[in-house]
Amino acid sequence: MSQERLNQRPIVALDKVHKSFGPLKVLDGVSFTVARGEVLALIGRSGSGKSTALRCIDRFERIDSGEIRVCEHRVDAADIDLRALRQDVGIVFQSYNLFPHLTIEQNITLAPVSVKGVRKAEARELAKAMLAKVGLSEKLDAYPEQLSGGQQQRAAIARSLAMQPKVMLFDEVTSALDPELTGEVLKVIEQLAADGMTMVMVTHEMGFARGIADQVVFMHAGRVHEAGSASILSNPATPELAQFVGTGL
């Protein structure tokens, strides 16, 4: 397949994805696609399936049926190379998951050195560049406990970026932060969008989604209930989305 054709194919595609935890149906035929360089915001109430959908994209959860393709990887295949998939896909969770006994530099360089075989000196320069990108150049030698929550979250983003992924996944990355710290993390994500990074983000920040998302997917009861451009947040077509964004109260 030509490079041009490859570039036109969705970089993330979910097709009729089903997932249950025991008797609980969490994803009920979920389908959506994300084009290269696009930002998709997954929104919905707690328990609607949005975080599970995100975790399935990176194979943290295995699906029951359907198909997921990410960066030409068939994610639902039994023989998928998880190492290769996770070099292409970065994920940042609401809990920062930084190693407390390692400096911020060591947190960032660990995966490039151990997984990709990057030389330590090169990895250190990479760490400096990624920290500069998230506004934390002066924190190279600090330990996680010396950083605020917002700084730790930005360091976690830098750690993911150091693997130079093709897609970034964000799962409610600001939900544990106060408004001021939330703003500094969202600025970093805004800049990534401006730089052309493909992103799928689970978020409850409706104003942010309205300003940054090329596509909004509203999940309700495990299904894609409404989807479209960010304008659906201002003009919902269903009472469920109207109520969720507060216009139907």
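Residues numbered from 1 in each chain as written. Predicted model: local features only at pLDDT ≥ 70, side-chain atom pairs only at ≥ 80, totals over all residues. Heavy atoms only, no water.

Topic: the packing of aromatic side chains
Moving on, step 1. Applying the stated criterion to the full structure yields two aromatic pairs.
Moving on, step 2. Considering the side-chain rings of phenylalanine 60 and phenylalanine 93, the 5.7 Å spacing of their centres and the 75° angle between planes classify their relative orientation as edge-to-face. Taken together, the residues phenylalanine 60 in the loop between helix 2 (50-57) and strand 4 (65-70) and phenylalanine 93 in the loop between strand 6 (89-92) and helix 4 (104-116) connect sequence positions 33 residues apart.
Moving on, step 3. Aromatic pair phenylalanine 218 and phenylalanine 244: ring centres 5.5 Å apart, planes at 35°, arrangement tilted. Taken as a pair, phenylalanine 218 in strand 9 (residues 215-220) and phenylalanine 244 in helix 9 (residues 239-245) lie far apart in primary sequence, 26 residues in all. (Phe/Tyr/Trp six-rings, centres within 6.5 Å; stacked < 30°, edge-to-face > 60°. Helix = DSSP H or I, 4+ residues; strand = E, 2+ residues; numbered from the N terminus.)

A look at the pattern of salt bridges
Moving on, step 1. Counting across every chain of the model gives twelve salt bridges.
Moving on, step 2. Notably, a salt bridge pairs aspartate 76 with arginine 74, separated by 2.8 Å at the nearest N-O pair.
Moving on, step 3. With a relative accessible area of 32%, arginine 74 lands in the partly exposed category.
Moving on, step 4. Connected via shared salt-bridge partners are Glu67, Arg69, Arg74 and Asp76. (Salt bridge = Lys/Arg side-chain N within 4 Å of Asp/Glu carboxyl O. Buried < 20%, exposed > 50% of the residue type's maximum accessible area, 1.4 Å probe, protein only.)

A look at the sheet that holds strand 6
Moving on, step 1. Taken in spatial order, the six strands line up as 6-7-8-3-9-10 in an open sheet, and their pairing is mixed. Among the strands making up the open sheet, the edge pair consists of strand 6 and strand 10 (223-228). The mean angle between the axes of side-by-side strands here comes to 20°, regardless of whether they run parallel or antiparallel.
Moving on, step 2. Judged from the five bridges that link them, strand 9 and strand 10 form a sheet pairing that is antiparallel. Within strand 10, the position partnered with histidine 220 by the bridge is arginine 223. (Pairing = 2+ DSSP bridges. Axes fitted to C-alpha atoms, helices over the stretch in contact; angles between N-to-C directions.)

Regarding the sheet that holds strand 2 (residues 24-34)
Moving on, step 1. Strand order in the open sheet formed by four strands is 2-1-4-5, with antiparallel pairing between adjacent strands. Of all the strands in the sheet, just strand 2 and strand 5 (73-74) have a single pairing partner and so form its edges.
Moving on, step 2. Both strand 1 (residues 12-21) and strand 2 contribute to a ladder of eight bridges, which runs antiparallel. Directly across from phenylalanine 21, in strand 2, lies its bridge partner leucine 24.
Moving on, step 3. Where helix 2 meets the sheet, its contacts fall on strand 1, strand 2 and strand 4, and the angle it forms with strand 2 comes to roughly 60°. (Contact = heavy atoms within 4.5 Å.)

Details of the UniProt feature "domain: ABC transporter" (unreviewed entry) in the protein chain
Moving on, step 1. In the numbering used here, UniProt assigns the "domain: ABC transporter" (unreviewed entry) feature to residues 12-246.
Moving on, step 2. Secondary structure across residues 12-246 divides into 36% helix and 26% strand, with the first and last C-alpha atoms of the span separated by 30 Å. (UniProt positions renumbered as here; feature names shortened; annotations may be inferred.)

Observations concerning the nonpolar core
Moving on, step 1. One finds Leu131, Ile157, Met168, Phe170, Ile189 and Met199 to be the most contacted residues of the largest nonpolar core, which totals 37 residues.
Moving on, step 2. Those elements giving two or more residues to this core turn out to be helix 4, helix 5 (120-133), helix 6 (149-161), strand 7 (167-171), helix 7 (179-194), strand 8 (198-202) and helix 8 (206-212).
Moving on, step 3. In terms of residue count, the dominant contributor to this core is helix 7 (seven residues).
Moving on, step 4. Membership of the second largest hydrophobic core comes to 30 residues, among which are Leu14, Val17, Leu42 and Met219. (Core = buried A, V, L, I, M, F, W, Y, C linked by side-chain atoms within 4.5 Å.)

As for the environment of serine 31
Moving on, step 1. Inspection of the secondary structure assignment puts serine 31 in strand 2.
Moving on, step 2. Each C-alpha atom, one on serine 31 and one on alanine 13, is 7.4 Å from the other, the two residues being 18 residues apart in sequence.
Moving on, step 3. Serine 31 has contacts with Leu14, Asp15, Lys16 and Val224, leaving out every residue within four places of it along the chain.
Moving on, step 4. Engagement of the side chain of serine 31 in a polar contact is seen with the backbone nitrogen of lysine 16, the distance being 2.7 Å. (Polar contact = N/O pair within 3.5 Å; in protein donor to acceptor, adjacent residues only side chain to side chain.)

Looking at the side chain of arginine 154
Moving on, step 1. Checked against the element boundaries, arginine 154 lands in helix 6.
Moving on, step 2. Side-chain polar atoms of arginine 154 contact the side chain of glutamate 184, separated by 2.9 Å.
Moving on, step 3. Not counting residues up to four positions away in its chain, the partners in contact with arginine 154 are Val134, Gly135, Leu136, Glu184, Val185 and Val188.

Quick look at the packing of helix 4 against helix 6
Moving on, step 1. Direction vectors running N to C along helix 4 and helix 6 enclose 30°, while the axes themselves pass 8 Å from each other. One element, helix 4, and the other, helix 6, form an angle in the roughly parallel class. In this structure, the crossing between helix 4 and helix 6 has a hand that is right-handed. On helix 6, the residues that touch Ile104, Asn107 and Ile108 of helix 4 are Ala155, Ala158 and Arg159.
Moving on, step 2. For the contact of helix 4 with helix 6, the per-class residue count stands at four nonpolar, one polar and one charged. (Parallel < 35°, antiparallel > 145°, perpendicular 65-115°, else oblique. Left-handed = near helix turned anticlockwise from the far one by under 90°. Nonpolar A, V, L, I, M, F, W, Y, C, P; charged D, E, K, R; others polar.)

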